Amino acid sequence: MSKPLDYENLNENVKKCQYAVRGELYLRASELQKEGKKIIFTNVGNPHALGQKPLTFPRQVIALCQAPFLLDDPNVGLVFPADTIARAKHYLSLTSGGLGAYSDSRGIPGIRKEVAEFIERRDGYPSDPELIFLTDGASKGVMQILNAIIRSDRDGILVPVPQYPLYSATISLLGGSLVPYYLEETANWGLDIVNLRQSVAQARSQGKTVRAMVIINPGNPTGQCLSEANLKEVLKFCYENNLVLLGDEVYQQNIYQDERPFISARKVLMDMGGPISKELQLVSFHTVSKGYWGECGQRGGYFEMTNVSPKTVEEIYKVASISLSPNVPGQIFLGLMVSPPKPGDISYERFVRESKGVLESLRRRAQIMTDGFNSCRNVVCNFTEGAMYSFPQIRLPPKAIEAAKKAGKVPDVFYCLKLLEATGISTVPGSGFGQKDGVFHLRTTILPAEEDMPAIMASFKKFNDDFMEQYEDYRGYSRM
Amino acid sequence: MRRFVAHSARRRNNFTTCVLRHCTLPLRLWSSTSTSKPCYFSGSVASGGSASAPPLTLDTINPKVLKCEYAVLGETFILAQRLQQELKENPGSHPFNELLYCNIGNPHSLGQQPITFFREVLALCDHPVLLDRAETRGYFSADAVERALQILNQIPERATGAYSHTQGIKGLRDTIASGIEARDGYPADPNDIFLIDGASPAVHIIIQLLLRSEEDGILCPIPQYPLYSGSIALHGGSLVPYYLDEETEWGLEISELKNQLETEKSKGITVRALVVINPGNPTGQVLAESNQREIVDFCKNEGLVLIADEVYQENVYVPDKKFHSFKKVSQSMKYGMEDIPLVSLQSISKGYYGECGRRGGYMEVTGFCSEIREQIYKVASLDTCSNISGQILASLVMNPPKVGDDSYESFSSEKEAILSSLARRAKTLEDALNSLEGVTCNRAEGAMYLFPRIELPKKAIEAAKAVNTAPDAFYARCLLNATGIVVIPGCGFGQVPGQWHFRCTILPQEDKIPIVVSRLTEFHKAFMDEFRN
């Protein structure tokens, strides 16, 4: 008798779903690390793992919330600044029994209110806490919303290529269809409306109903920041085609140029006014894992729904309630993120100093990496305008592609494995994010410590230029 | 406000779908809040959004979302929230001045205190700066400091804010594996352990792997914890019920399992797995070892995955029963580990620690081939990893202070106090329920609940029908309105058709128990006086 659960009788959707970020390269890197090789993990946006220090203020507050007996001690004011004590008491009072009690399935009401207030300050338009759900990280929120939308494989979701593979993996897992729209690398990974229309038309001609469109702004892995004009175009497009817009805005704090500051999809929508602002359905996602906070391990995030009817919100609430509640410490981190220390607060100066330090360093590292890649043979790299990644294009010579085929590997996987073995740099091959046929990339983060950057880029350049030397046809391409 | 649903139990052998019924509020109240028109999608382009309905409405939402239910936070709870609000705005508006929540296993929300040692370690891990200075270290017990240092050294860069390995921090899994070994007397492999955000996400992962279509079924106990029915509906499979026997203290009969299995097979359903909740929820029974061996044999012979929900393993209140993990039981039998595909679930939400709000726990996955383990890993990796604080707590729960440790005595007395209090409250409430007219209640051998059966008089059943509500939901609502006591009607968990139950937790603090008992007793007498035949 065959086993009760083996590959043959496994849910097909599970088989189909792929998630490269923790896939082949990462597993090989982990193996090598176990064998004693020094690995530089640049495969995941995981700042604290690469030495970035947590901000002091939230850690003080959460420690007091973890161990409320500290608050009872008369000398606590000597150890913790007064504003952290006040904040800890504030958040504990919002819970239904401290960090250890299930909260409302949508998140602690007081914290959802703070999120709404943050959104209003940021955008200039009021936000309804009832339409804000806190989640164990933004990813869970994305999965919940896609699960509400996807009914069958005839439901298509527009996803940018390249994209963060949570989207492709979740769509596969839920049995839906991914409808790709290509970002234009030569136009700084810009969105092309013509291509968008073509993708939708093609999907419809295959009998699919296109239900939603995902935008990642700032982009992952591409880093581009959308302009207001871009966002307007996207919103109009979704309105005309009756799509829900899913705005993944988790990198909104990570902006490294001044021409295009972050502007939320919701603000642009509200600015447009008229029927579209009252009818276009939008879900916006945010997290404590990125920005200058980088608190990935807390699993804190939220989604905000715009123009979704109360009955539909009820159903989404119902599904959330099966998992009872998002984790309470993560919710508190989120509360602290949306209402950080203000001028005049005791912790304000330190907080600003620490935050600025992180952001300015990220900006410098984004530049170092882009320049570093562009100095390498057969490598072209757009500037990282935002987010946490660099996505250089690697122009692999035909001989390298052949060698990859012989080794049974996708060409960019082949390149990245060789890079890993030679230098210990662990990246994610571009095929994990999607790319145009015959064009190869890799994704790395800009997170290694600033002082390590020159050595890392030098190590990469040496490997790359040697690789290109090895595989380039010395007769030159034109002869092929 | 949420739409209310009340389950109505179907005929035996037909518990695959639930009948949804609206609450007593007039339907027009709901339709007036609707902003969407019915919408029929074809592949054609809608020009201008205003001419057609929005893309995400009740008509176009994933139908599995509509189908799934979760009674624990359903109708009665929503009514309770409303009453709570009314009391706040208008004290004295009800015949009680506080609500008594007996609906959910959420100990800290009712005043249970966290275990000091655990919180000390967590605070130090969250803010390691405290460890660097002698004055701040002095606030914490020496072994908490030591444990925090040990844990931080197992985390790269001491970074509790970083994503960890998808299965959880290796050092913590090692600790948990040792804890499992100490518990069972058999080895455990850290690579079999997946730390997750509570037991619930683990259930979703396994169920997703198992269910290919509606023709795949999972055997679930009736009554069951509605995570299982909810998850099966959400992932498009079939729930195959097996009835626990109330007459024999909620006994699990293999003959019942066999009957249900055969019936489903004849309907073309492939039964993939068996869920066993031990200690039971809502029923509280602790399985006898001999029973567990029969279950393991049954799974082996029928080719089923065994899903062992063991989150209440530290909640056993009776001297004649003891918790045995299914892993231990199967290892003690003639089988090798690879013979029995088993998923064992543990959580930090229950026991004596009750840390629900953390979302922490693990599943131990044994007896599966490496390809399946890779698939489990892959699905788990979509979420990158579980929260670190919860991971740390799981390792503390599975490896608490030992004899000789600085904190051992205070830890022991905290633990003992909580567990013995739970046992006392279980007994007091059980006795109180059994003294009520027409109510019988099995003892709570473990877990956190009592699940009494009420013989509702015909008049009450008719009154319930008249307001379009299941009889036990009607009773629960009357109880709530009269006394402020919040329980969950048995239909939310499943029961033999024509029988009525409700689930009541044993969690209100001990000083509140007399009030619960007196209000309940008074209400029940009045209810029976009103509706007696």
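Residues numbered from 1 in each chain as written. Chains lettered and ligands numbered in written order. Predicted model: local features only at pLDDT ≥ 70, side-chain atom pairs only at ≥ 80, totals over all residues. Heavy atoms only, no water.

For chain B, the name recorded in an unreviewed UniProt entry is alanine transaminase, with Olea europaea subsp. europaea as its organism. Check the Subunit (unreviewed entry) section of the UniProt entry for chain B; it says "Homodimer." Under Sequence similarities (unreviewed entry), UniProt gives the following word-for-word description of chain B: "Belongs to the class-I pyridoxal-phosphate-dependent aminotransferase family. Alanine aminotransferase subfamily." (UniProt positions renumbered as here; feature names shortened; annotations may be inferred.)

An unreviewed UniProt entry annotates chain A as Glutamate--glyoxylate aminotransferase 2 originating from Olea europaea subsp. europaea. Recorded in UniProt under Subunit (unreviewed entry), the annotation for chain A is "Homodimer." As its UniProt record puts it under Sequence similarities (unreviewed entry), chain A is described as follows: "Belongs to the class-I pyridoxal-phosphate-dependent aminotransferase family. Alanine aminotransferase subfamily."

On to the overall build of chain B. When its secondary structure is counted, chain B shows 19 helices and 14 strands. Taking 533 residues into account, the globule formula puts the C-alpha radius of gyration at 24 Å, and chain B, at 24 Å, falls close to it. Oriented by its inertia axes, the alpha-carbon framework of chain B measures out at about 65 × 60 × 60 Å. Counting over 533 residues, chain B shows a buried share of 63%. Long-range contacts, defined as pairs at least 24 residues apart, comprise 71% of the intrachain contacts of chain B with a sequence gap of at least 6. Only carbon and sulfur atoms are counted for the fraction: they give 51% of the accessible area of chain B, which is about 19,000 Å². Each charge sign in chain B was given a centre, from 53 positive and 62 negative side chains, and these centres are 5 Å apart. (Helix = DSSP H or I, 4+ residues; strand = E, 2+ residues; numbered from the N terminus. Rg over C-alpha atoms; globule rule 2.2 N^0.38 Å. Buried < 20%, exposed > 50% of the residue type's maximum accessible area, 1.4 Å probe, protein only. Contact = heavy atoms within 4.5 Å. Areas by Shrake-Rupley, 256 points an atom, 1.4 Å probe, with all protein chains shown as cover. Lys, Arg positive; Asp, Glu negative; His and termini not counted. Charge placed at Lys NZ, Arg CZ, Asp CG, Glu CD.)

Along its length, chain A carries 19 helices and 14 strands. Its C-alpha atoms give chain A a radius of gyration of 23 Å, near enough to 23 Å, the size a compact globule of 480 residues would have. Oriented by its inertia axes, the alpha-carbon framework of chain A measures out at about 75 × 60 × 55 Å. Residue burial in chain A is summarised as follows: out of 480 residues, 66% are buried. For chain A, the proportion of contacts with a sequence separation of at least 24, taken over those separated by at least 6, is 73%. For chain A, the accessible surface area stands at approximately 17,100 Å², while carbon and sulfur atoms represent 53% of it. Charged side chains of chain A number 54 positive and 53 negative; the gap between the two group centres comes to 3 Å.

By definition, the strands of a sheet pair up through backbone hydrogen bonds, in either a parallel or an antiparallel sense. Residue and element names in this part refer to chain B. One open sheet holds the three strands; their spatial order is β10-β14-β13, and the pairing between them is antiparallel. Looking at strand neighbours, the two that pair on one side only are β10 (449–450) and β13 (488–489), the edges of this open sheet. With two bridges connecting them, β10 and strand β14 (residues 502–505) associate as antiparallel partners. Bridge assignment links leucine 450 to a residue of β14, and that residue is cysteine 504. (Pairing = 2+ DSSP bridges.)

So, about the pattern of salt bridges. All names here are of chain B. According to the stated counting rule, one finds 54 salt bridges over all chains in the structure shown. With a shortest N-O distance of 2.9 Å, aspartate 174 and lysine 170 are connected by a salt bridge. You can see aspartate 174 and its partner lysine 170 sitting in helix α8 (residues 170–184), four residues apart, about one turn around the helix. The class for aspartate 174 is partly exposed, based on a relative accessible area of 30%. Residue lysine 321 pairs with glutamate 445 through a salt bridge whose shortest N-O separation is 2.8 Å. Of this pair, lysine 321 sits in the loop between β6 (305–309) and α13 (326–332) while glutamate 445 sits in the loop between β9 (439–440) and β10, placing them 124 residues apart in sequence. (Salt bridge = Lys/Arg side-chain N within 4 Å of Asp/Glu carboxyl O.)

Time to look at the interface of chain A and chain B. Interface size is commonly expressed as the accessible surface area that is lost when the partners come together. Facing the 99 residues of chain A at the interface are 107 residues of chain B. Between chain A and chain B, roughly 8,700 Å² of surface is buried when both sides are summed, and carbon and sulfur atoms account for 57% of that area. Here chain A is connected to chain B by four salt bridges. Residue aspartate 383 of chain B is joined to arginine 299 of chain A by a salt bridge in which the shortest nitrogen-to-oxygen separation is 3.6 Å. At the junction of chain A and chain B, the tally comes to 40 residue pairs in polar contact (both at pLDDT 80 or more). Looking at the side of chain A that touches chain B, the element that brings in the most residues is helix α14 (residues 310–322) of chain A, giving 10 residues. (Buried area = accessible area lost by both parts, 1.4 Å probe. Polar contact = N/O pair within 3.5 Å; in protein donor to acceptor, adjacent residues only side chain to side chain.)

Residue and element names in this part refer to chain A. Along helix α17 (residues 398–406), the residues that are buried comprise Ala400, Ala403 and Ala404. One face of α17 carries all of its buried residues, which in axial projection span an arc of 100°. For α17, exposure combined with an orientation more than 90 degrees from the buried face picks out Lys405 and Lys406. Turning to α17, the residues buried within the fold contact α18 (411–423) and α19 (453–471). Once α17 ends, the next one or two residues include glycine 408, with phi positive near 70°. (Arc of directions from axis to C-beta.)

It is worth spelling out the nonpolar core at this point. Counting residues in each nonpolar core, the largest one holds 321 residues, and the members touching the most others are Met213 of chain A together with Leu274 of chain B. Once you skip the residues sitting within four places of it in the chain, methionine 213 of chain A turns out to touch Leu158, Tyr181, Leu191, Leu196, Val234, Phe237, Cys238, Leu243, Val244, Leu245 and Leu246 of chain A. Counting residues in each nonpolar core, the second largest holds eight residues, with Ala80, Leu87, Phe96 and Leu480 of chain B among its members. (Core = buried A, V, L, I, M, F, W, Y, C linked by side-chain atoms within 4.5 Å.)

Another aspect to go through is the sheet that holds strand β10 (residues 389–390) of chain A. All names here are of chain A. Strand order in the open sheet formed by three strands is β10-β14-β13, and the pairing between neighbours is antiparallel. Unpaired on one side and paired on the other, β10 and β13 (428–429) mark the two borders of the sheet. Here β13 pairs with strand β14 (residues 442–445) via two bridges, running antiparallel. Paired with valine 428 across the strands is arginine 443, a residue of β14.

This next bit is on the confidence of the model for chain A. Per-residue pLDDT for chain A has a mean of 94; in total, 98% of the residues score no lower than 70. Taken as a whole, residues 475–480 of chain A scores under 50 in pLDDT and shows seven contacts with residues more than four places along the chain or in a different chain. (pLDDT = per-residue confidence, 0-100.)

Another point: the state of the cysteines. As enumerated under the stated definition, the model contains zero disulfides over all chains in all. In this structure cysteine 376 of chain A is not part of a disulfide, and its nearest cysteine sulfur, from cysteine 381 of chain A, lies 9.7 Å away. Its relative accessible area of 5% is what places cysteine 376 of chain A among the buried residues. Note on cysteine 478 of chain B: no disulfide assigned, nearest cysteine sulfur contributed by cysteine 491 of chain B at a separation of 14 Å. (Disulfide = S-S within 2.5 Å.)

A few words now on the UniProt feature "domain: Aminotransferase class I/classII large" (unreviewed entry) in chain A. Summarizing the sequence annotation, UniProt attributes the feature "domain: Aminotransferase class I/classII large" (unreviewed entry) to residues 88–448 of chain A in the numbering used throughout. Taken end to end, residues 88–448 of chain A has its terminal C-alpha atoms 32 Å apart, with 43% of it in helix and 16% in strand.

Here, UniProt's "domain: Aminotransferase class I/classII large" (unreviewed entry) annotation points to residues 155–518 of chain B. Strand forms 15% of residues 155–518 of chain B and helix 40%; the C-alpha atoms that close the span are 52 Å apart.

On to the environment of asparagine 220 of chain A, then. All names here are of chain A. Looking at the secondary structure, you find asparagine 220 in the loop between β5 (209–216) and α11 (228–240). For asparagine 220, the side chain forms a polar contact with the side chain of tyrosine 251, separated by 3.4 Å. One polar contact links asparagine 220 to arginine 443, side chain to side chain, over a distance of 2.8 Å.

Glancing now at the side chain of histidine 108 of chain B. Mapped onto the secondary structure, histidine 108 of chain B falls in the loop between β1 (100–101) and α4 (116–126). Reaching out from histidine 108 of chain B, the side chain makes a polar contact with the backbone oxygen of glycine 354 of chain B at a distance of 3.2 Å. Leaving out residues up to four positions away in the same chain, histidine 108 of chain B has contacts with Ser96, Gly97, Gly100 and Ala101 of chain A together with Gln113, Pro114, Arg119, Tyr353, Gly354 and Glu355 of chain B.

Looking at where lysine 290 of chain A falls in the secondary structure, it is placed in the loop between β7 (282–287) and β8 (301–306). Despite its burial, lysine 290 of chain A pairs with no opposite charge, the nearest such side chain being aspartate 248 of chain A at 9.4 Å. The residues contacting lysine 290 of chain A, other than those within four sequence positions of it, are Gly45, Val250, Tyr251, Gln253, Asn254, Cys296, Met388 and Tyr389 of chain A together with Tyr163 of chain B.

It is worth spelling out helix α19 (residues 513–531) of chain B at this point. The terminal C-alpha atoms of α19 of chain B lie 26 Å apart, and with 19 residues this matches the ideal 27 Å at 1.5 Å per residue to within 8%. The set of residues buried in α19 of chain B consists of Ile513, Val516, Val517, Arg519, Leu520, Phe523, His524, Phe527, Met528 and Phe531 of chain B. (Expected span 1.5 Å × (residues − 1).)

Residue and element names in this part refer to chain B. Along the chain, histidine 524 falls in helix α19. The spacing of histidine 524 and cysteine 385 is 139 residues in sequence and 48 Å in space, taken between C-alpha atoms. Those residues in contact with histidine 524, other than ones at most four positions away along the chain, are Leu436, Glu437, Val439, Ile454 and Tyr475.

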